[in-house]
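Here is how the chains run, residue by residue.
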Number of protein chains: 2
Amino acid sequence: MHRRRGSGGRASGRAGGPAGGRPRAGAHRVVIVGGGFGGLFTAQALAPRGVDVTLVDRRNFHLFQPLLYQVATGVLSPGDIASPLRGVLRRHLNVTVFQAEASGIDARGKRLLLTDGELPYDTLVVAAGTTHHYFGNEAWAAAAPGLKTIEDALKLRQRIFSAFEAAERNPQRVEPEGLLNFAVIGGGPTGVELAGAMAELARGTLKHDFRRIRSSDAVILLLEGGPRILPGFPEGLSARAAHRLSQMGVRVRTGTLVTGIDAPRLTLRAEGREETLTARTVLWAAGVKASPMGEAVARATGAELDSVGRVIVEPDLTVPGHPDVIVIGDLARCGGAEGEPLPGLAPVAMQQGSHAARTILRRLKGRPAKPFRYRNKGALAVIGRNAAVADLGWVRLSGLVAWLIWIFVHIRYLVEFDNQVLVLIQWGWNYVTRKRGARLITG
Amino acid sequence: MHRRRGSGGRASGRAGGPAGGRPRAGAHRVVIVGGGFGGLFTAQALAPRGVDVTLVDRRNFHLFQPLLYQVATGVLSPGDIASPLRGVLRRHLNVTVFQAEASGIDARGKRLLLTDGELPYDTLVVAAGTTHHYFGNEAWAAAAPGLKTIEDALKLRQRIFSAFEAAERNPQRVEPEGLLNFAVIGGGPTGVELAGAMAELARGTLKHDFRRIRSSDAVILLLEGGPRILPGFPEGLSARAAHRLSQMGVRVRTGTLVTGIDAPRLTLRAEGREETLTARTVLWAAGVKASPMGEAVARATGAELDSVGRVIVEPDLTVPGHPDVIVIGDLARCGGAEGEPLPGLAPVAMQQGSHAARTILRRLKGRPAKPFRYRNKGALAVIGRNAAVADLGWVRLSGLVAWLIWIFVHIRYLVEFDNQVLVLIQWGWNYVTRKRGARLITG
């Protein structure tokens, strides 16, 4: 251990230089930006091999984003859906994890620039993911927070439960100030999951918690600009999801664009007509854009970005003219700017991560990179207890069966990240008791 | 429901006026400040009876403070040791919960003043607890955060784990900047629990997580100004605790006063000599003082406060000359200013809460209040896995047996608050895997 630590000491003149514990001096240095599904799968696929891997993330944990909405609605705690990156990679002695923020790339010098140092690389894998997209209305961010990080989820949780607290304090203000009106903007999977979970919260979990209001009086609006919710799914499933949501008490409004947010006043345009509504709580699930690292890649390599800032990559996921820079996950736009982009799903990022690792290892053996092909495992969206929609390509399901598949798939993903047992128990617990132990207002 | 809600609406001209759902008009109105052990036990003991109870707390949850250090050290998530007050009291239809902040008392007008309203009472129960005490060095608060709230625990967690992250990034700075030096100030139960948990973290949990440092190189200092740690315990148990801690790698220093904190520089005085040490992470466990509500009570009633701001109450826990104002828990100093104060333990607050409820119900029957008598159940402090000390009065234990008692007692307390199953599982899980799934750096 001392030797290793010594070598780290020597190397660390450059803050964050090549790490100790690497297989051998002069090993191929891979630097990965981002510890999401893409980055983590790249590191894990490279781990057993004689490569010197450094994974850089702003946070010290991997976040299982698909369940973030359950943290926001008080079903799960942050710890249930996040795993310390060091824990996940502890057995991979050739992988060093740095909690650091990437600020840019020096493509010629082959260095990743950090806010507090730099990292030399032989191959750079950029898997920095996405952030919220307010389509030019960045001012909306404060009034309508999105759901991307643990902090986002806790902020949403805080707003959702504070609204009920304020209503109990001031029942006479519920109507005029829309204290119990909740507007979810965006009818994609996240919006549907949030709206469904909030309906269960208001009609179920909180039913007996208040004395001066009825939590079931809460109005939950799901606002979608397009003609139907879950646009990524077949029409039949969209319809079934919409039907199920309205059964649960969610007011689903499609073809409804949000044109202004001036909390608690919301301006909408539907069928060409302007209207306003009052909602104390507004949640943003309408869109994401590439993280700033996309622009960093473009600046450094001259790569093109698509309309939401994703890097347009070669079929093998490398940046045009820069085979030593690979972009994967939500940040990558493959199939060219015209072709239908791949959905921003965990399986895409995972498969691209493994592909990036294979590409690197093939090159080390002097073999050419292969084009990436997405093996579509299908898409899932959960609406609520016993209710989900699943499009597995060969079959389309909804209701309990789809929900069980959803549970199974998510638990299975979590297996990698050591929390699955607890999450399963937590779910079971909540399912039986209909309780939400995690509905704390903090921060 | 409508009727009740209507009545709530009518009543709510005064923000936070008497709640709907109360047993009958004109019922005796009890207002409780604080949802800790004292306040919650008062409310629960009054719940079945024909009394109109309003519980006011700044937070929407009851916090199981004895396990806060496990949140700080990444064993448990906030949701595991906190229960929504509304959930705990949901079946008590005569209890209304308000998330609000008490700002003062109008003893003549019999109103509790809130930052955003007021609450009339017939009997007021003040159970506002304690906050950190820096003995006049309030400036230390930023450099040496204490452990009283969920936010405190998450801040401590953030500091503890960030220190290891910084060391991995910059091994050459570990020595000069004391990146891996952790100083816990205060050798009471909290300090002992924190120091022990951090030793396990550094020597166990994180052992394989780093490549350029050895987490076991962390230096954990426990600094106690008095002659021995756990001063509240018999000397024999203090000695055994100190011995066990040093076995775990904690440097226990008694008779050592902290005279200055200028992070990362710490000034100490031991045996009359000044010395300094460098520690990036300093945790405060040295003392608590009464919450500001103590002064509010004094201003409103002329009651005396003791040296740490506790309200000196009558033997029946009422404020002298104000039988309608009862002070319980850590905020109350009973037995007069001279007599040995009761320890700031959950059992004291619980018993005083039940006693306050009995006093109120006796008065309603025209019977006089009885003096409070503390039934001492003993004291427990945990040092680490399989290690604790227990002073049950009739027997003194240490080691595994004491630890098992500690586990049992804490789980049993949690039973009231519906999280015990999950916490038990979480502990078992961590115990088997030695993992800390909750070691996220957030906020």
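Computed from a predicted structure; not experimentally measured.

1. With respect to the overall build of chain A
Within chain A, the secondary structure is distributed over 14 helices and 25 strands. Taken over 443 residues, chain A has a buried fraction of 60%. A total of about 17000 Å² of accessible surface is found on chain A, and carbon and sulfur atoms cover 52% of it.

2. Quick notes on helix H12 (residues 346-364) of chain B
Residue and element names in this part refer to chain B. Helix length check: H12, at 19 residues, gives a terminal C-alpha distance of 27 Å against a target of 27 Å (1.5 Å per residue), a fit within 8%. Of all 19 residues in H12, 15 are buried, a share of seventy percent or more. Gly366 sits one or two positions beyond H12 and adopts a positive phi of about 75°.

3. Notes on the sheet that holds strand E5 (residues 95-99) of chain A
Residues and elements named next belong to chain A. Strand order in this open sheet of 6 strands is E5-E2-E1-E9-E21-E20, and the pairing throughout is mixed. Each edge of the open sheet carries a strand with a single partner, namely E5 and strand E20 (318-319). Along the sheet, helix H2 (residues 37-46) makes contact with strand E1 (28-33), strand E2 (51-57), E5 and strand E9 (123-126), crossing E2 at roughly 160°. In the packing of helix H11 (residues 293-301) onto the sheet, contacts are made with E1, E9, E20 and strand E21 (322-327), and the angle to E21 comes to roughly 170°.

4. What to know about helix H9 (residues 189-205) of chain B
For H9(B), spanning 17 residues, the distance from its first C-alpha to its last is 22 Å, which sits close to the expected 24 Å at 1.5 Å a residue. Taken across its 17 residues, H9(B) has 14 buried, putting it largely inside the fold.

5. Comments concerning the environment of Leu156(A)
All names here are of chain A. Within the secondary structure, Leu156 sits in helix H7 (residues 150-169). Exposure remark for Leu156: the relative accessible area of 0% places this residue in the buried category. Between the C-alpha atoms of Leu156 and Ile441, which are 285 residues apart in sequence, the distance is 9.7 Å. In this structure, Leu156 is in contact with Ala72, Pro145, Gly146, Leu147, Leu194 and Leu283, ignoring residues within four places of it in sequence.

6. Regarding the packing of aromatic side chains
Residues and elements named next belong to chain A. Under the defined criterion, the tally for this structure stands at 12 aromatic pairs over all chains. Here Phe37 and Phe64 contribute two aromatic rings whose centre-to-centre distance is 5.6 Å and whose plane-to-plane angle is 75°, an arrangement assigned as edge-to-face. Within this pair, whereas Phe37 is found in helix H2, its partner Phe64 is found in the loop between strand E3 (61-63) and helix H3 (68-72), the two being separated by 27 residues in sequence. A relative accessible area of 9% means that Phe37 is categorised as buried. Phe64 gets classed as buried once you look at its relative accessible area, which sits at 0%.

7. Here we look at the pairing of strand E12 (residues 219-223) of chain B
All names here are of chain B. The buried count for E12 comes to 5 of 5 residues, which makes it a mostly enclosed element. Residues Val219, Leu221 and Leu223 line one face of E12 and the alternating positions Ile220 and Leu222 line the opposite face, and both faces are buried. Of the strand pairs in this sheet, strand E11 (residues 181-185) and E12 are connected by 5 bridges, and their pairing is parallel. Of the residues in E12, the one forming a bridge with Ala183 is Leu221. After leaving E11, the chain enters H9 and then returns to the sheet as E12, a path that is right-handed.

8. Topic: the pattern of salt bridges
Scanning the model with the defined rule gives 35 salt bridges over all chains in all. Between Asp306(B) and Arg333(B) there is a salt bridge, with its nearest N and O atoms 2.8 Å apart. Taken together, the residues span a long stretch of sequence, with Asp306(B) in the loop between helix H11 (293-301) and strand E19 (311-312) and Arg333(B) in strand E22 (residues 332-333) at a distance of 27 residues. Taken as a pair, Asp306(B) and Arg333(B) share a single burial class, namely buried. One connected set of salt bridges, linked through shared partners, spans Arg86(A), Glu165(B) and Glu168(B).

9. Considerations on the pairing of strand E6 (residues 102-106) of chain B
Residues and elements named next belong to chain B. In the sheet, E6 pairs with strand E7 (residues 111-114) via 4 bridges, with the strands oriented antiparallel. Paired with Ile105 across the two strands is Leu112, which belongs to E7. Linking two consecutive strands that pair antiparallel, namely E6 and E7, is a turn of 4 residues; a positive phi of about 50° is found at Lys110 within it.

10. A word on the packing of helix H7 (residues 150-169) of chain B against H9(B)
Residue and element names in this part refer to chain B. Following both chains from N to C, one finds H7 and H9 inclined at 35°, their axes separated by 12 Å at the closest point. Judged by the sense of rotation from one axis to the other, the crossing of H7 with H9 is right-handed. Across the interface between the two elements, Leu156, Ile160, Phe161 and Phe164 from H7 touch Leu194, Met198, Leu201 and Ala202 from H9. Here the residues of the contact of H7 with H9 sort into 8 nonpolar, no polar and no charged.

11. Some details on the packing of helix H2 (residues 37-46) of chain B against H12(B)
All names here are of chain B. For the pair H2 and H12, interaxial distance at closest approach is 7 Å and the crossing angle is 35°. Here the hand of the crossing between H2 and H12 comes out right-handed. Contact residues: Phe37, Gly38, Phe41, Thr42, Ala45 and Leu46 in H2; Ala346, Ala349, Met350, Gly353, Ser354, Ala356, Ala357, Ile360 and Leu361 in H12. Residue classes in the contact of H2 with H12 are distributed as 11 nonpolar, 4 polar and no charged.

12. Some words on the sheet that holds strand E7 (residues 111-114) of chain A
Residue and element names in this part refer to chain A. With antiparallel pairing, the 3 strands of this open sheet are ordered in space as E6-E7-E8. The sheet terminates laterally at strand E6 (102-106) and strand E8 (117-120), the two strands that pair on one side only. On average, adjacent strands in this sheet sit at an angle of 25° to one another, irrespective of strand direction. Taken together, the 4 bridges between E7 and E8 define a ladder with antiparallel strand orientation. Across the sheet, Leu112 pairs through a bridge with Leu119, a residue of E8. In the packing of H11 onto the sheet, the strands contacted are E6 and E7, and the crossing angle to E6 comes to about 20°.

13. Structural notes on the environment of Pro292(B)
All names here are of chain B. Take Pro292: it is sitting in the loop between strand E18 (288-290) and H11. On the accessibility criterion, Pro292 (61% relative accessible area) is exposed. With 163 residues separating them in the primary sequence, Pro292 and Gly129 have C-alpha atoms 9.2 Å apart.

14. As for unusual backbone geometry
For the bond from Ala263(A) to Pro264(A), the omega torsion is 0°, close enough to zero to count as cis. As for its position among the elements, Pro264(A) is in the loop between strand E14 (256-262) and strand E15 (265-270).

15. Let's talk about the confidence of the model for chain A
Residue and element names in this part refer to chain A. A residue-level look at chain A finds 88% of positions with pLDDT of 70 or above and a mean pLDDT of 88. Predicted confidence is poor over residues 1-22, with pLDDT under 50, and the contacts of this stretch with residues over four places away or in other chains come to 53 contacts. Both scores are given for the predicted complex: the pTM is 0.88, the ipTM 0.85.

The rules behind these values
- Sequence order sets the numbering: in each chain, residues are counted from 1 along the sequence as written.
- Going through the entries in the order they are written, you letter the chains from A and number the ligands from 1.
- Since the coordinates come from a predicted model, pLDDT governs what is reported: local features require at least 70, and pairs of side-chain atoms require 80 or more to be given and counted, while whole-chain, interface and lining totals use all residues.
- Excluding hydrogens and water, the side-chain figures rest on all heavy atoms present in the structure.
- Numbering of helices and strands runs from the N terminus; a helix is a DSSP stretch of H or I covering at least four residues, while a strand is a stretch of E covering at least two.
- Relative accessibility thresholds used throughout: buried, under 20% of the residue-type maximum; exposed, over 50%; partly exposed, between the two (1.4 Å probe, protein chains only).
- To be clear on the numbers: accessible area is Shrake-Rupley with a 1.4 Å probe, and residue cover counts the displayed protein chains and nothing else.
- How far a helix is expected to stretch is found by multiplying one less than its residue total by 1.5 Å.
- A strand pair is defined by DSSP finding two or more bridges across the two strands.
- Here, residues are in contact when the closest pair of their heavy atoms is within 4.5 Å.
- All axes are obtained by fitting lines to C-alpha atoms, using only the stretch in contact for helices, and the reported angles, taken between N-to-C directions, cover 0 to 180 degrees.
- Aromatic pairing here means that ring centres of Phe, Tyr or Trp (its six-membered ring) are within 6.5 Å. Orientation follows from the plane angle: under 30 degrees is stacked, over 60 is edge-to-face, and everything else is tilted.
- With the strands aimed away from the viewer, a crossover counts as right-handed if its path from the first strand over the helix to the second runs clockwise.
- What makes a salt bridge here is a side-chain nitrogen of Lys or Arg within 4 Å of a carboxyl oxygen of Asp or Glu, nothing more.
- In this scheme the handedness of a crossing depends on how the near helix is turned from the far one: anticlockwise by less than a right angle means left-handed, clockwise means right-handed.
- Residue polarity is assigned by list, with Asp, Glu, Lys and Arg as charged and Ala, Val, Leu, Ile, Met, Phe, Trp, Tyr, Cys and Pro as nonpolar; anything else, Gly included, falls into the polar class.
- The quantity called pLDDT is the predictor's confidence in a given residue, expressed from 0 to 100.

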